[in-house]
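# Report on the structure
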Amino acid sequence: MSKNLIIVESPAKAKTIEKFLGRKYTVKASMGHVRDLPRSQLGVAVEEGFEPKYITIRGKGDVLKELRESAKKAERVFLATDPDREGEAISWHLAQALKIPTDAPVRIEFHEITKDAIQRAIKRPRPIDMARVEAQQARRVLDRLVGYKLSPLLWRKVRRGLSAGRVQSVAVRLIVDREREIQAFQPEEYWTLTARLETADGQGFTARYQGRGQEKVELKNAADAAAVVAAVAGEQAVLRREGSGAFGGLSSGEPVDLNGADLRLQVRTVKRREKKRNPAFPFTTSTLQQEASRKLGFTVRRTMAVAQQLYEGLPLGEAGHTGLVTYIRTDSTRIADEAARAVAAFIEQQYGPEYRPAKRREAEKRAGEQGAHEAIRPTDVNRTPEMVKPYLTSDQYRLYKLIWERFVASEMAPAVLDTVSVELAAGEHVFRATGQTLKFPGFMKVYIESEDEEGPREEAEGLLPDLAEGQWVRLLRLEPRQHFTQPPPRYSEAMLVKALEERGIGRPSTYAPIIQTIQARGYVVKRDKRFEPTQLGVLVTDILKEYFPRIIDVEFTAHLESDLDAVEEGALSWKELLSQFYGPFEATLKEAEEKVGGFELEDEVSDVRCEKCGRFMVVKYGRFGKFLACPGFPECKSTKPIFEETGVTCPACGTGRIVERKAKKGGRKFYGCTNYPNCDFVSWEKPVNRPCPECGAPFLVEKRTKEYGLAHVCKAPDCGYVEPVESMEEVHA
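Residues numbered from 1 in each chain as written. Predicted model: local features only at pLDDT ≥ 70, side-chain atom pairs only at ≥ 80, totals over all residues. Heavy atoms only, no water.

## Comments concerning the confidence of the model for the protein chain
Scored by pLDDT, the protein chain comes out at a mean of 89, with 92% of its residues at no less than 70. Across residues 239–248, where pLDDT falls below 50, the model places 17 contacts with residues more than four positions away in sequence or in other chains. Of the regions scoring below 50 in pLDDT, residues 727–733 engages in 29 contacts with residues more than four places distant in sequence or in other chains. (pLDDT = per-residue confidence, 0-100. Contact = heavy atoms within 4.5 Å.)

In C-alpha cells, the structure reads:
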C-alpha cells in the first residue's frame with residue numbers, strides 16, 4: 001500500500017513528526033540543503049540575468065537518490081521544511097530535484113512540532129511561495145557576488161585567504177569604529193558628594209548632592225567638591241583636613257567626619273508614587289541570543305545549536321520524541337491565542353488570579369517583522385523545566401528554562417514598586433535621597449530581564465526612613481569621591497548582536513556564522529569575552545572604506561535588507577534588485593583593481609624566543625596556515641608550528657594539552673598531545689571541551705554523521721551519545 005511522503009530537514013525533526021502520524025505516512029530527512037552554488041567558481045551567470053547555476057551538494061547524492069525512490073512510491077509528497085525563506089528555498093530545491101511542479105499544493109508549514117500543528121498543516125497544503133524563494137535566492141546571489149568578486153582583490157593586495165562580505169565586513173567595521181572611539185576617548189574628571197544622614201530616632205540613610213536651589217550643579221574637580229563641603233559644613237571642615245590650603249586636603253573616598261559638629265539638613269520635599277514595571281515580551285531570535293549570552297554565558301552559535309535541538313524534538317522517556325519550543329528563527333513577539341489562554345490558566349493555577357494582568361499587552365508590530373511567526377515559547381507551558389530536566393543535557397535544560405520563564409513572565413501582571421524621592425536642603429544646597437520597595441512582585445516572581453551591558457549601572461535603591469517635609473536630620477559625614485568618565489565598552493557577542501539588529505544589518509539567523517567567520521579570518525579576536533579588531537581587521541576595513549564605501553556603509557546594508565523584504569512581499573523583482581546593485585559595484589571593483597596598492601602588514605611578534613639566535617619569533621602565513629619564523633631570515637631559518645588549542649587535557653598522559661597539528665604529507669589536520677614524542681595520543685576527530693552528559697567521559701569529538709550531519713559524539717565504548725550541532729553554512733555575507 002503506497003504511503004504519503006513527508007520531507008523535513010533533519011532526522012530529529014523526522015522522528016518527532018513521525019510519532020504524530022499514522023502508518024499512512026513516511027517521514028524522511030533531506031539533511032538540510034540538497035543543492036547550492038558551487039564552491040569552486042562564481043556560479044552566477046551575470047550576463048544571463050544573474051541566473052544561478054546550482055549543483056547537488058557533495059555527499060547529498062545518496063540522500064537525493066533515496067528521496068527520489070521514496071517519492072516514486074508515494075501517493076503524495078509533502079515538503080515540511082522550516083517556515084522561513086531558507087526553508088522555502090530548501091522546499092523549492094527539493095521540488096526541482098524530485099520534478100514536482102512548483103504550483104502543486106505540496107508545501108506544508110507549521111511553527112511548532114506538536115500533534116495539532118502537524119495535523120492542521122497537512123489539511124492545508126499550498127504551492128511553494130516563489131516570492132520567498134526569490135528573496136532567499138537574491139540574498140544568496142548578492143552574497144556570492146560580493147564574496148567571490150571582492151575577496152580575490154584582498155588576496156592579491158593584502159594576504160591570501162582573506163574574505164570580504166556584505167554583512168561580515170559591516171560587523172568588522174562596527175568593531176573597528178568602536179575601538180577607534182575608545183582610543184580617541186579623553187576621560188573627564190567629575191566628583192560626587194554623598195551625605196550620610198540620621199533621623200532623630202537613629203535611622204541612617206544617604207543622599208546625593210544635586211545642586212544649588214533649582215539648578216543642577218556638576219562638580220568637575222576637587223575644588224568644586226571642596227567648595228560645597230565648605231558651604232554645607234563650614235570652611236573649617238575643609239581646613240581640618242590633612243594638608244594646608246582651603247581645598248588642598250580633600251581626598252577622594254576619604255569622608256569628612258562631622259559627627260561632633262551638630263550640623264543638620266531639612267527635608268524640603270517628599271514625593272511618593274507607585275510605579276509599575278512591565279515584563280519583557282517573549283523571545284525573538286535576537287533577544288534570545290542576547291539574553292543567553294548575558295545570563296548563561298552562551299555564544300550565539302551555542303545558543304542556536306541548542307535551541308535547534310529543543311525545536312526539532314528530544315526523547316522524553318515514555319512521551320517519546322517531543323518538540324519543546326516553537327520555531328527559533330523569528331522576529332515576532334506575538335503569541336497564538338491558544339497559547340495565551342493556556343499560559344493564563346497556568347498562571348492562575350500556580351500563582352493565583354492576582355498574577356494575571358487585567359489586560360494582555362501586545363507589542364506594536366515593527367517594520368519588516370514577519371507577522372505569521374510567533375515568538376519563541378514552550379510548545380506546552382505545563383511542561384515545566386523541572387519536569388523535563390531528567391531527559392535534557394545541562395545546556396538544553398538551562399536554555400529551555402530561560403525560554404519557559406521568559407514566556408510565563410511575559411503574560412503575568414506588572415510588578416508594583418513604591419518609590420519615594422526626598423530633597424533635603426543645607427541652605428541653598430540640595431541633596432536627594434531615593435528609595436523603593438517591592439509592593440507586589442508580579443512577573444518578577446518568575447523572571448527578571450538582565451540589564452543592558454552598555455547602559456549605566458544604577459545603584460540599588462533600598463528603604464528610606466519615614467520622612468516628612470520640614471523635618472530636620474543630622475549630617476554625620478560627607479563623602480567626596482573622584483570619578484572619570486569611561487569610554488564606550490568593546491562589544492560582547494550580546495552587544496554586537498543588538499547593534500546589528502538595531503541597525504537592520506543581516507538577520508539574527510545569520511549572526512552565528514558571521515561572528516564565527518570574522519574570528520576565523522583573523523579580523524577580530526575575543527579577549528575577556530569582548531571583541532577587539534586585529535591589525536589585519538583595521539587594514540581591511542580601511543581599504544573597504546576608501547574604495548568600497550557602499551559595501552561597508554551601515555545604512556546601505558540595512559537598505560538592502562529592506563529591499564530583500566520587498567522581494568519577499570512581491571513588491572520588487574529579485575533581478576531588478578541585483579541589477580541596481582551590481583552596476584555600481586562592478587565599476588568600483590575595476591577602479592579599485594587599478595588604484596589599490598600592495599599593503600605590507602607588519603609581522604605579529606610572539607613571546608617565543610628563537611632557539612638558535614634568541615630573537616622573538618614572528619607569525620607568518622604559509623599554505624597550511626600560520627607558523628612561527630625567526631625574523632633573522634635568511635641568516636636564521638628557524639621555524640616552529642603554531643598549535644591551535646582545543647582546551648582539552650590529554651586523556652593518555654593527563655598533563656599535556658590536545659592541540660591541532662597538520663600531517664607533513666598533504667597537510668591533513670589531526671589532533672595530538674603537546675608532550676609528543678613522550679606521549680603518542682592522536683585523533684583525527686576534533687576533541688570538544690565538554691564532558692559526555694551520558695557517561696561522563698572527559699570530552700566529546702566533532703564528527704560528521706550520516707544521520708545528523710555535524711555532531712558531537714562520545715567515543716567511549718558502549719556509550720554512543722550523539723548530539724547534533726547546528727551546521728555553519730558557507731558565509732560570505
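## Things to note about the packing of aromatic side chains
The tally for this structure, following the rule as stated, stands at 12 aromatic pairs. Ring geometry for Phe50 versus Tyr582: centroids 5.8 Å apart, planes at 80 degrees, classification edge-to-face. You can see Phe50 sitting in the loop between strand S4 (44–45) and strand S5 (51–52) and its partner Tyr582 sitting in helix H18 (residues 574–595), a full 532 residues away along the chain. In this pair, the class of Phe50 matches that of Tyr582, namely buried. Note on Tyr582 and Phe585: the rings are 6.2 Å apart at their centroids and 55 degrees apart in plane angle, and the pair reads as tilted. Remark: Phe585 and Tyr582 occur in helix H18; sequence separation between them is 3 residues, near one turn of the helix. (Phe/Tyr/Trp six-rings, centres within 6.5 Å; stacked < 30°, edge-to-face > 60°. Helix = DSSP H or I, 4+ residues; strand = E, 2+ residues; numbered from the N terminus. Buried < 20%, exposed > 50% of the residue type's maximum accessible area, 1.4 Å probe, protein only.)

## Things to note about helix H2 (residues 61–73)
The first and last C-alpha atoms of H2 sit 19 Å apart over 13 residues, in line with the 18 Å expected at 1.5 Å per residue. What H2 keeps buried is the set Val63, Leu64, Leu67, Ser70 and Ala71. Projected onto a plane normal to the axis of H2, the buried residues spread over an arc of 125 degrees and lie on a single side. Of the exposed residues in H2, the ones pointing more than 90 degrees away from its buried face are Asp62, Lys72 and Lys73. The secondary structure elements touched by the buried residues of H2 are strand S1 (4–8), strand S2 (25–29), strand S6 (55–56), strand S7 (76–79) and helix H3 (85–97). (Expected span 1.5 Å × (residues − 1). Arc of directions from axis to C-beta.)

## A look at the sheet that holds strand S27 (residues 682–683)
The antiparallel open sheet is built from 4 strands, whose spatial order is S24-S25-S26-S27. Of all strands in the sheet, those bounded by a partner on one side alone are strand S24 (644–649) and S27. Where strand S26 (residues 669–673) and S27 come together, 2 bridges link them in antiparallel fashion. Counted as the bridge partner of Tyr671 is Ser683 from S27. (Pairing = 2+ DSSP bridges.)

## Structural notes on the pattern of salt bridges
Any two side chains of opposite charge can pair, so long as their charged atoms come close to each other. For the structure on display, the rule yields 53 salt bridges. The salt bridge partner of Glu179 is Arg490, with a shortest N-O separation of 2.8 Å. One end of the pair, Glu179, is in helix H6 (residues 168–184); the other, Arg490, is in the loop between strand S17 (472–484) and helix H14 (493–502), with 311 residues separating them in the sequence. Exposure remark for Glu179: the relative accessible area of 10% places this residue in the buried category. Here Arg490 and Glu532 are joined by a salt bridge, their closest N and O atoms 3.9 Å apart. Of this pair, Arg490 sits in the loop between S17 and H14 while Glu532 sits in strand S19 (residues 530–533), and the two are 42 residues apart along the sequence. By relative accessible area, which is 27% here, Arg490 ends up partly exposed. Here Glu532 falls in the buried class, since its relative accessible area comes to 17%. (Salt bridge = Lys/Arg side-chain N within 4 Å of Asp/Glu carboxyl O.)

## Some details on unusual backbone geometry
Residue Pro634 is bonded to the preceding Phe633 through a cis peptide linkage, with omega at 10 degrees. Mapped onto the secondary structure, Pro634 falls in the loop between strand S22 (625–629) and strand S23 (639–641). Pro677 follows Tyr676 through a cis peptide bond whose omega is 10 degrees. Secondary-structure assignment places Pro677 in the loop between S26 and S27. With phi around 60 degrees, Phe50 is a residue other than glycine that occupies positive phi space.

## Re the pairing of strand S18 (residues 524–527)
For S18 and S19, the ladder comprises 4 bridges, and the chain directions are antiparallel. Bridging across to S19, Val524 finds its partner in Pro533. Here S18 folds back onto S19 in antiparallel fashion, the turn holding 2 residues, of which Asp528 has a positive phi close to 50 degrees.

## What about the packing of helix H5 (residues 130–157) against helix H17 (residues 554–568)?
Orientation of H5 relative to H17, taken along the N-to-C sense of each, is 150 degrees, at an axis distance of 7 Å. Classified by the angle their axes make, H5 and H17 are roughly antiparallel. Between H5 and H17, the residues in contact are Ala131, Arg132, Glu134, Ala135, Ala138, Arg139 and Leu142 and Leu560, Glu561, Leu564, Val567 and Glu568, respectively. When grouped by side-chain class, the residues that make up the contact of H5 with H17 number 7 nonpolar, no polar and 5 charged. (Axes fitted to C-alpha atoms, helices over the stretch in contact; angles between N-to-C directions. Parallel < 35°, antiparallel > 145°, perpendicular 65-115°, else oblique. Nonpolar A, V, L, I, M, F, W, Y, C, P; charged D, E, K, R; others polar.)

## Describing the sheet that holds S2
The strand order S2-S1-S7 describes an open sheet built from 3 strands, whose pairing is parallel. In the strand order of this sheet, the two ends are held by S2 and S7, each with one partner. Each neighbouring strand pair of the sheet contributes to a mean axis angle of 25 degrees, computed without reference to strand direction. For S1 and S7, the ladder comprises 4 bridges, and the chain directions are parallel. Residue Ile6 lies in a different strand from S7, and its bridge partner there is Phe78. Strand contacts of helix H1 (residues 11–18): S1 and S2, with the helix running at about 165 degrees to S2, the strand carrying the most contacts.

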